[in-house]
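Read off the chains here:
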Amino acid sequence: FLVFLFGLIVLYYLSPMKLRWIVLLLANVLFVCTWGIEMLPFVLITVLIVWLATNAMERNYASEDGNSVETRKKCKRILLAAILVLVFGVVYTKTQRMLVELPVLSYIVAAGSTIYEWIANLFLKIPGVNGFVEYVENTKVTSLFSFFTPIGISYYTFSLVGYVADVYWKKEKAEKNIFKLLNFTLYFPKLLQGPISKHRVITEQMNVGTRFDYTQV
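Since we're looking at a predicted model, the values are computed, not measured.

Caption draft 1: Inspection of the packing of aromatic side chains at higher detail. A full pass over the atoms with the stated rule returns three aromatic pairs. Plain terms: the ring middles of Phe31 and Phe188 are 5.2 Å apart, the flat faces sit at 35° to each other, and that makes the pair tilted. Residue Phe31 is found in helix α2 (residues 20-35), and its partner Phe188 is found in helix α9 (residues 188-193); the two are separated by 157 residues along the sequence. Residues Phe31 and Phe188 agree in their burial class; the two are buried. On the basis of an interplanar angle of 55° and a centroid distance of 6.4 Å, the ring pair of Tyr187 and Phe188 is categorised as tilted. Cluster of aromatic residues (ring-pair linked, three or more members): Phe31, Tyr187 and Phe188. The lysine or arginine in question, Lys180, covers the ring of Trp21, its NZ or CZ lying 5.3 Å from the ring centre.

Caption draft 2: Examining a nonpolar patch on the surface more closely. Residues Val87, Val91, Phe158 and Ile196 make up a contiguous nonpolar surface patch of about 330 Å² in total accessible area. Within the secondary structure, Phe158 sits in helix α7 (residues 153-168).

Caption draft 3: Local environment of the packing of helix α3 (residues 39-62) against helix α8 (residues 178-186). Here α3 crosses α8 at 125°, and the two axes come no closer than 10 Å. It follows from the interaxial angle that α3 and α8 lie oblique. Considering only the axes of α3 and α8, their crossing is right-handed. On α8, the residues that touch Leu40, Val43, Leu44, Val47, Leu48, Val50 and Trp51 of α3 are Ile178, Leu181, Leu182, Thr185 and Leu186. In terms of residue class, the contact of α3 with α8 is made up of 11 nonpolar, one polar and no charged.

Caption draft 4: Structural detail: the packing of α2 against α8. One way to put it is that α2 packs onto α8 with a least axis distance of 9 Å and a crossing angle of 50°. Between α2 and α8, the interaxial angle falls into the category oblique. The handedness of the crossing between α2 and α8 is left-handed. For the pair α2 and α8, the contacting residues are Trp21, Leu24, Leu25, Asn28, Val29 and Val32 in the first and Phe179, Lys180, Leu182, Asn183 and Leu186 in the second. Across the contact of α2 with α8, the residue classes break down as eight nonpolar, two polar and one charged.

Caption draft 5: View of the pattern of salt bridges. Taken as a whole and assessed by the stated rule, the structure comprises three salt bridges. In this structure, Lys176 and Glu58 form a salt bridge, with 2.8 Å as the shortest nitrogen-oxygen distance. Of this pair, Lys176 sits in the loop between α7 and α8 while Glu58 sits in helix α3, and the two are 118 residues apart along the sequence. The class of Glu58 is buried, set by a relative accessible area of 16%. Across the salt bridge formed by Glu70 and Arg77, the nearest N and O atoms sit 3.9 Å from each other.

Caption draft 6: Structural view of the environment of Asp166. Of note, Asp166 is situated in helix α7. In the structure, Asp166 is positioned 112 residues away from Thr54 in sequence and 9.4 Å away in space, judged by C-alpha atoms. Sequence-distant contacts of Asp166, that is, excluding residues within four places in its chain, are made with Lys171, Glu172, Lys198 and Arg200. At 3.4 Å, the side chain of Asp166 and the side chain of Lys198 are in polar contact.

Caption draft 7: Broad picture of unusual backbone geometry. Unlike most non-glycine residues, Lys170 shows phi in positive territory, near 60°. Within the secondary structure, Lys170 sits in the loop between α7 and α8. Assessed through its relative accessible area of 42%, Lys170 is described here as partly exposed.

Criteria and thresholds
Residues numbered from 1 in each chain as written. Predicted model: local features only at pLDDT ≥ 70, side-chain atom pairs only at ≥ 80, totals over all residues. Heavy atoms only, no water. Phe/Tyr/Trp six-rings, centres within 6.5 Å; stacked < 30°, edge-to-face > 60°. Helix = DSSP H or I, 4+ residues; strand = E, 2+ residues; numbered from the N terminus. Buried < 20%, exposed > 50% of the residue type's maximum accessible area, 1.4 Å probe, protein only. Lys NZ or Arg CZ within 6 Å of the ring centre and 35° of its normal. Patch = residues over 30% accessible without salt bridge, like charges linked within 9 Å, V, L, I, M, F, W, Y side chains within 5 Å. Areas by Shrake-Rupley, 256 points an atom, 1.4 Å probe, with all protein chains shown as cover. Salt bridge = Lys/Arg side-chain N within 4 Å of Asp/Glu carboxyl O. Axes fitted to C-alpha atoms, helices over the stretch in contact; angles between N-to-C directions. Parallel < 35°, antiparallel > 145°, perpendicular 65-115°, else oblique. Left-handed = near helix turned anticlockwise from the far one by under 90°. Contact = heavy atoms within 4.5 Å. Nonpolar A, V, L, I, M, F, W, Y, C, P; charged D, E, K, R; others polar. Polar contact = N/O pair within 3.5 Å; in protein donor to acceptor, adjacent residues only side chain to side chain.

So, in structure tokens, the structure goes:
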């Protein structure tokens, strides 16, 4: 981990300011993959749902009747749906072993597993990805689906819940760049030990980049 951290710091400060968020994004993705490649499709789907929900709310607010009661109700339905999906993801990953033992829910879990495996295998067909998986895990990957709990899922999930709620209450604008939202979600120091971060608090520094200050070393 120390080698990874040192290498990231060196590469980060050697990169142009406008590209530093991309360096950080690649490092975050690599960090997650070292803990289990099966996590990545799960997180990507989660981020996609949040990105779609927040941008849908912002489009509704920006419309001609953006301040109407009907628009507020529509955005509230989007908010509740997004939160439901996020919370379900946490509950599912933390209780999946127990759920498969229940007669009724086992069929639902099996269907969800099949869909997830199909999506994950599509991800593996991207050129170079399967080779990268084999390198990280040092084994041949035949199926991505297994029992797993993504690292830091509670931290990043409730950070995303707070972000969706802030967009609903118009405390901040929806992130237009899905990769920057992914960068916020996968920020590896947060995944390891928290805290539950506010999107508007840390993303400006992450996206703009910081200059090296030897007094803080």
